[in-house]
Structure formats: structure tokens, C-alpha cells
Amino acid sequence: MSRYNVKETESKWQAVWAEQRCFEVEEDPDKKKYYVLEMFPYPSGRIHMGHVRNYSLGDLVARFRRAQGYNVLHPMGWDAFGLPAENAAKENNVHPAKWTHANIATMRDQLKSMGLSYDWRREIATCDPEYYQHEQKMFLDFLEAGLVYRKESWVNWDPVENTVLANEQVIDGRGWRSSAEVEKRKLAQWFLKITAYADELLSAIDDLDRWPERVRIMQHNWIGKSEGAKIAFKIIDRDQPLNVYTTRPDTIFGASFMAISANHPLAQELAADNSKLAEFIAACNRMATSEAAIETAEKLGFDTGLKCAHPVLEGETLPIYVANFVLMDYGTGAIFGCPAHDQRDLDFARKYGLPVTAVVCPPDADASSFRVGDEAFTGDGAIINSGFLNGLSVPEAKTAIIKHFEDMGVGEKQVNFRLRDWGVSRQRYWGCPIPIVHCKDCGIVPVPAAELPVVLPEDIDINVAGNPLDKHPTWKHVNCPSCAKPAQRETDTFDTFFESSWYFARFCAPVKEEAFTRSAAEYWLPVDQYIGGIEHAVLHLLYSRFFTRALKECGYLDLEEPFAGLQTQGMICHETYKDANGKWLFPTDVVIAENGDLTDAKGGVVTRGRSEKMSKSKRNVIDPEEIIKTYGADTARLFMLSDSPPDRDLDWTDSGIEGAWRYVNRLWRLVSEPPFARAETGTARPDNVSASALDLERLVHKTVAAVTDDLEKFHFNKAVARIRELSNAVEDLKGSDDGSAWALRFASETIAIMIGPLMPHLAEEMWHALGHTSLIADTAWPSVNAGMLIEDTITIAVQVNGKLRGTIDVAKDADKESVEQSALMLDNVQSFIEGKEVRKVIIVPNKIVNVVI
RNA sequence: GCGGGUGUGGCGGAAUUGGUAGACGCGCCGGAUUCAAAAUCCGGUUUCUUCGGAAGUGUCGGUUCGAGUCCGACCACCCGCACCA
């Protein structure tokens, strides 16, 4: 038996594709374009199964669309800046650049062994100055367009390492390396005005109809639009008013206190000569770092002694508290508290003995007796206890009171967003330098475009505390571009989301002189199909959407949305094991006894955990390279595509990969093994074909129609099932030489073409074995003869009272009388209706008969 | 707490507008081949059954000739956000 020789075959076809430059593309106005993009990887060292799944999905789409005649752009590159390189540098004493480039080399080879249809000429690495110089220019353009500003902002500061920590590096309020308690520090940082596009980014979500609903909702919530009012409260004996934001101005008559954030300027000011308040503020800031604390946190407040005048109740005053539940980041950092209609305000009021006055009466309650207990009433109802608002509904009262505030000149309608501006400064070495010079005399001076790129210095000491760029002996010392006096470079680098916010455009034309050629970008963009992990559902996708708009504003592009279609993929999971001490074990170290008992090598008790996302720490990782070496890329790809729909989690199993491998060999035997009564290459369809051959021919057309539809809809698991059905039918027929030779060839060739996007190497090998000298990669997707899809006879179900009692074969579109007759004649139907009256017979043409008794 | 998703055999999963539930695969069982094993091939595989059938898509109820699919009320698990005023 000829076993499929994976290694030789796969590398052979990879070489052919490369040599014939099958996947190198150019803009071609005469062809319909299709841009397929998988989220580019961070070069962490080696590819993992998540990559294999991602790129198998993308390659399938790319090859399928190519076969359909599209001009397909399918590029690959590296998201190469980032913290892991710096960590590796510290641990292994290797320069981040060297580490990154070595990883890229390894991973590129691994990807190439998968036989992916990339145009490798377009490969980019974001750590290359040829790449990042363009984003430095973009930043300067954004600055000029007013989309960039600088302001003081809080960062996580590790006092032991003397460095800024990313949020992910803060674990339970402590630095992940030093375990030191993290402090909040204020640093001047650069921000991109994403909030300027908040409304547009929100409303445009409606048009992203090829995005998963889930992602759209997440983006929607992240932007978090709310409508309310801004109201200025007069502070007694002070000139400056206290501005609050509220979505419930209708409850103003129920206000009983004011609360401001611990970081509110007023609180800071008062703390200057009130040590108890300062202490309280410090306690609030400590608590904010721990998420668990927030969940259970008690409402705490500190009475400042100041009071506000009630804006509509003459003579009433409202005490001002500093409260731990008011966020400086949202609204104005100050609120008025209406305890009856907000749960937090109610908790707070009960704790500090503040009045609780209901001003909205629930529809089913009595206005004179309604009182709020432990639960605030947040629904709609009639306004009460509110002077001129009484009797109005909540929405009516909102409109009325806002009008009133406007007339008084103390308030107005306001829209608020949860979305914050994007802070892009990172106090890191391994990132793109921010092209700014700080001059004592001139202030902030952009680096002139002619002097770009600002290149990272190579000779750094990665082990210094703090930012190595800042500690570099010479790099930051330059002359001011404006006045030529000694000045200093900005030593912060960009957030790495900066690079991934425009790489899709760079792929369209990665030329030296500019970020991308405008005509090329406008030909290829938007990306028709973007594929990647759900973990990027918010930030990366939102930043890219913003960036594209910002690029438009600066004249780079005429485009708003970068990704027309999006697919998110599920995680790769694998079984987990723990020993008696709760330590994770490698599955290979677990011994399974015949009775199913699990032990480790030393006979200790082992428990099987649930299937979890593959991760090094859980010791349940399978290395794709091993799998590809043993079974080949096609087998791995088939396994990834077979059973689970792409957006669901996929369980890795040994038997699953074995099953895929079996099918690869089965397909190979289909074309390689005699006896096979198959017609010669190029044989025309004979006029007379046998009945079984005609059935097979019909099945081929049916399968092509179904598979095409499945592939277009991302139902890859169903497409695989269809192809398997067809190949099973071919196997059933292949021994019988009854004039089906042509149909067998037709079916085999069609299978070879259809598996092209799924198992490209095997497809070429089959095609070749079938006597072709051309490539599947250049072969058009099969077309469907619609006439072949119409069946002459149809099997329809016969029910009695809705229960299946048999089936009948009738001619397509047979008249109702004859269908009813043959249905009623069924023995099994007869036995059920015998002696009973047939009340009704329901006939749905070509589908079902239901006899009602 | 708010928002979203998912519940179908031992497992992954299929089932056009309501119209033959369990496609395809994994696993398992039986058989063939083999000195033996691997590989391969053939057959079976929702459950119960008095072998006539009966029950069955998380639970309870409803609409319908007919419900996995539609409606109402719940339950469980998963994901996202979370003191957002």
C-alpha cells in the first residue's frame, strides 16, 4: 500500500509555488480584488496552535477566493515591538533586536512549512525603521491636525524597579517582578484624540454588518455613550461653581448631597490643609488599584464641611463629600446624590444619615405613601415632590428641567462617553521613539520630517532601572530643531497598538519612501476578510478604526472603516492533569491503567482537569512543529477545520489528528491506488452514463454547490463533511466497472479542486496523480450545473398525527391527489388509520404528508 | 449588578422559511485480513422495548396538522464590562 509521503510532497509543492510565484500579486483594475488578512503575530519564539488555526482559516479564504477568480492580497508580517523582548533581554542577556529577529526567522520557517499562500515580498517587521519612520511622520501629522495633545496622567509606578508598569503587570496592586506595592504617579504623556471620533466610531458600528454581533456590542459598550446634563452648583462662600454630570436631572428635587472624587481638584485643594482628608484621599487611591476591593467596597465619604446651594429649592443646601465611589475619569468627577433613585447614593445616604426623598413614583405605587426602602427605584414613573415637574414622566421631566437650567444659565444638555483618549506614551526601550524634542526655550518641538526616522540606539544597557532610552549617555541630547540650542529628545516610545493600527495599509504597498502608495491602498482597502482572536475585540480594532479616520483627515487615505469583514476564532484547548499536590502535569507523563485509573510515573494519584486553553503554565501545550513533522501541514490544517466552527473553542485530541491523517491517506489512495476504472485525463462526458454514474455526477454538483456556500459562510466544518460524503460515494463506486469511469474521474478531480483551499499540498499531489501538469493553485473553482441539482424523484416523509410512519418516493412536483393516495396506501399508515376517520391530509409539496385522524 | 452567548447521543458537531432529529467525524462494539501487531476493509452504534412500538434536542408551559427551530416563564454554564452618576 502506498502511504502518502508527507515530507517530500509538502516541501515539493511549496517549492513549486515559490518558484512560479503563484501568490505574488499586483493591483489589477480589471479584476475584482479581495484582501484577506490574519492578525499578524508577535514574534514570541515559536508558533503555537492558535497561530496554526488562525492561518489555516486565512489561507483557506485566500485560496478559495483566488480560485473564484479574485485578485487576492494575502500578506504576512510581524508585530515586533513589545515588552517580552525587553524581558528576554534581561533574562538571557541578549539584545531585544537580536532576540526579535531570531524569533522572526524561526517563525517564518515554521509558517513556510505550513504552505501558506502569502505574498512574502510584502513581509514587514514593525521594529524595522523602514516601518516605524512612517508612523513617526503620521504622529507629527496628527499633531498638526490637532489630534494629539500632551497632558499629565496617572501611571503605575514600581518603586523598586523605578519603572512604569503596564496594567497587566500589576497583580493585586503589586509589581509582577518586584512584588512591591505599586504607586500612582503623574507623568506628562501624549494622547491621541480618539474621543473626537466617539460618535462616529459608535454610529458606524451599525454598518459593520460582516462583523460578529458580539464584537459590535463590545465596541458599543466600550464607547459607552450616555445622554444627560451638566449642571453648575453654587458652592456657598466660594466663587467657583461645582460642575456635575448627571443622566437623571429629573431627580434634582430629590438631591440630598454632593459627592466629588478623591482626585477632584477641589478635594486636592482642601486636602492641602486638612491632613485627615489627605489621608482619606490616599486610602481611596490605594483601594482603586485592587479590583477585588472595588467589588465589595463599602461606600465611604468624607464631609468637607462645604455646602452647595440647591439649584431649584430656594434656601436648601447640600453637603459636599469626598466619596470613594466617584470616578475622576468619568463626567466631571462630581455628582449630586439622589438616594431614592440610585442604589449607590442610597447606600451612601443610609450610612451617613442623609435624607431620602422619593421624587419618582412607580406606576403601581401610591404617590402619597410611596417610600424607598433598601432598594432605589430606577424605573420610569410619575414625578412627585418636585414642584413644577410634578406629574410629568421621567423623559418629560428631563426635557423640562434641562430647559429650566438653560434659562437659569446653570446647566445644559450634555452627551458623555465612557471612551477615554488614547494614551500612547510608554516608558520603554523596545518601541517606536516619539519624534519630539523638548527645548527649554521653545518648549515642545516636533522633529522635522527631513530628520526622520528617529532611530532607536542599539548600544543600550537593558539592565538599568527605568527606561534605558532615558538612561542612555548620549542619545537624548540633541540640538533644538527650532533654536539650535542644546535640548533633549522625548525618551518615551509608542504603545505597540500604534504599529498594529495601520499595518494593514502598509501591506498594500510597503515602499521605502512613504507609508504606503495611496493608489495601491485605495485599490486593496478595506480588508475584505480579517481573522483573529476575540481578545482584540475592543482595543486593537477600535484603535485601527480610529487611526483610519485620522489618516483620512491627514490626507493619507479616503476611507473610514479598515475591516469590512471580521471573523473571530475560538481558542485551542487541551486536556489538563494535576498530581496530588495540585501541580500541573504533562499529559505525556500520565499513565492510564486499563481500568482507567490515572497515575504519574511514580504511581501517585493524578486527576484529570477540564480541557483548558493551551498554555505553558498548564503544561497542556502541543507543539505544532512536531505535528507538522509527523503528519504534515495538511493534516494539521484539516484537523483545525474539520469539527468545530471557527468561532468556537477547539479541543485538541490525539485521536482527532489521527482521524485527519487517516483521511489524508484515504484521499491519496483514492487517486493513487488501482483497481480504478477511471477515464483518462481530458475524457469528455459520454452521452450515456449509467444510473449510478449519473447519481455520482449529480452528487458532485450538489456537493460543489453546498461546499461553495459553506466556504462563503465560514461553515468550514460543514464543507469538510460534504467533501467526505462525496469521497465516500466515490469509494463506494470505484470497484464497480459499470460505465462510471468518466463520473469517477469527474468526481475525483472535483474533490482535488475543492480540497485545494483546505489541504493545498495534497490537492496538488492528487491533481498531478490524475495526470494534470497544471497547478490546483491556478485552477478555477468548479461551477455548478443547476440542472443537475434538480432531482426527478423525491423521497417525502409520511406522518400520521405528526409522527413519522414511513416514506414514499414520488415524482418531483407530483399532484396532490396521487401523493395522498400513495401515502395512504403505505401499510404502516393503513395500520394506524384503520377503523378511524381521516379528518384531514396536509400535503406540503415535495416535503411532507401529514395524515390527521 | 448590567450586557451578550450557549445548552442536541459517550464526545466534537449537522439539521433552508416550523416539515424524516442526530449529516460528517471521533470513540466504542463485532467481523475480515495477519503467525501477531500496526495499517486497511466491512457491519453496527440516541435510549428503553413485551420487537408491535414508545420516549427523546437544559426545565415547565403555550401556539400549530406538525416545534431543536416560534412565544412565555425558569435553570445551568461560559464570555465581556463593571462604583460610568
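What counts as what
- Residues numbered from 1 in each chain as written.
- Chains lettered and ligands numbered in written order.
- Predicted model: local features only at pLDDT ≥ 70, side-chain atom pairs only at ≥ 80, totals over all residues.
- Heavy atoms only, no water.
- Helix = DSSP H or I, 4+ residues; strand = E, 2+ residues; numbered from the N terminus.
- Buried < 20%, exposed > 50% of the residue type's maximum accessible area, 1.4 Å probe, protein only.
- Contact = heavy atoms within 4.5 Å.
- Areas by Shrake-Rupley, 256 points an atom, 1.4 Å probe, with all protein chains shown as cover.
- Pairing = 2+ DSSP bridges.
- Axes fitted to C-alpha atoms, helices over the stretch in contact; angles between N-to-C directions.
- Near = heavy atom within 4 Å.
- Polar contact = N/O pair within 3.5 Å; in protein donor to acceptor, adjacent residues only side chain to side chain.
- Parallel < 35°, antiparallel > 145°, perpendicular 65-115°, else oblique.
- Nonpolar A, V, L, I, M, F, W, Y, C, P; charged D, E, K, R; others polar.
- Core = buried A, V, L, I, M, F, W, Y, C linked by side-chain atoms within 4.5 Å.
- pLDDT = per-residue confidence, 0-100.

1. Focus on the overall build of chain A
A tally of regular secondary structure across chain A gives 25 helices and 37 strands. When the backbone C-alpha atoms are referred to their principal axes, chain A occupies close to 105 × 85 × 70 Å. Burial status across chain A gives 51% buried among its 853 residues. Here the analysis covers contacts within chain A between residues at least 6 apart in sequence; of these, 71% occur between residues at least 24 apart. Per element, the accessible surface of chain A, about 39600 Å² overall, is 49% carbon and sulfur.

2. A short note on the sheet that holds strand S7 (residues 183-192)
Here we have four strands laid out as an open sheet, ordered S4-S3-S7-S17, and antiparallel in their pairing. Edge positions in the open sheet fall to strand S4 (163-165) and strand S17 (422-423), since each of these has one partner strand only. One ladder, built from 10 bridges, connects strand S3 (residues 148-158) with S7; its direction is antiparallel. Looking at S7, one finds that Asn156 is bridged to Lys184. Helix H5 (residues 129-144) contacts S3 and S7 of the sheet and is inclined by roughly 85 degrees relative to S7.

3. Considering the protein's contact with RNA strand B
Surveying the vicinity of RNA strand B reveals 50 residues, the closest of which are Thr247, Lys299, Arg344, Lys718 and Lys847. The contact atoms of RNA strand B, taken as those within 4 Å of the protein, divide so that sugar and phosphate hold 62%. One of the side-chain nitrogen or oxygen atoms of Lys299 is found 2.5 Å away from a base oxygen of RNA strand B. Asn828 is positioned such that a nitrogen or oxygen atom in its side chain is 3.5 Å from a phosphate oxygen of RNA strand B. Top contributing element to the surface near RNA strand B by residue count: helix H21 (residues 716-734), with six residues.

4. Some words on the environment of Leu667
Relative to the helices and strands, Leu667 is located in helix H19 (residues 654-672). Along the primary structure Leu667 and Phe504 are separated by 163 residues, whereas in three dimensions their C-alpha atoms are 37 Å apart. If we skip the residues at most four places from it in the chain, Leu667 touches Ser727, Ile751, Ile755, Met759, Leu762 and Met766.

5. Overview of the packing of helix H1 (residues 6-19) against helix H23 (residues 760-769)
One can describe the packing of H1 onto H23 by two numbers: an axis separation of 9 Å at closest approach and a directional angle of 90 degrees. Between H1 and H23, the angle is such that the two are roughly perpendicular. For the pair H1 and H23, the contacting residues are Thr9, Glu10, Lys12, Trp13, Gln14 and Trp17 in the first and Pro760, His761, Glu764, Glu765 and His768 in the second. Considered class by class, the residues forming the contact of H1 with H23 number three nonpolar, four polar and four charged.

6. Topic: the nonpolar core
One finds Tyr35, Phe139, Leu192, Tyr503, Phe516, Leu525 and Trp652 to be the most contacted residues of the largest nonpolar core, which totals 170 residues. Ignoring sequence-local partners within four residues, the contact set of Leu192 consists of Phe139, Phe142, Leu147, Val148, Asp421, Trp422, Val424, Phe498, Phe546 and Phe547.

7. Things to note about the environment of Glu91
Residue position: Glu91 is located in helix H3 (residues 83-92). With 372 residues separating them along the chain, Glu91 and Asn463 place their C-alpha atoms 9.5 Å apart.

8. Details of the confidence of the model for chain A
The predicted model of chain A has a mean per-residue pLDDT of 90, with 96% of residues at 70 or higher. For this predicted complex, the interface confidence score (ipTM) comes to 0.94, while the overall pTM stands at 0.93.

9. Topic: the side chain of Lys33
Residue position: Lys33 is located in strand S1 (residues 33-38). Only 2.7 Å separates the side chain of Lys33 from the backbone oxygen of Pro526, close enough to count as a polar contact. A polar atom in the side chain of Lys33 sits 2.7 Å from the side chain of Asp528. Setting aside chain neighbours within four positions, we find Lys33 in contact with Tyr70, Asn71, Tyr523, Trp524, Leu525, Pro526 and Asp528.

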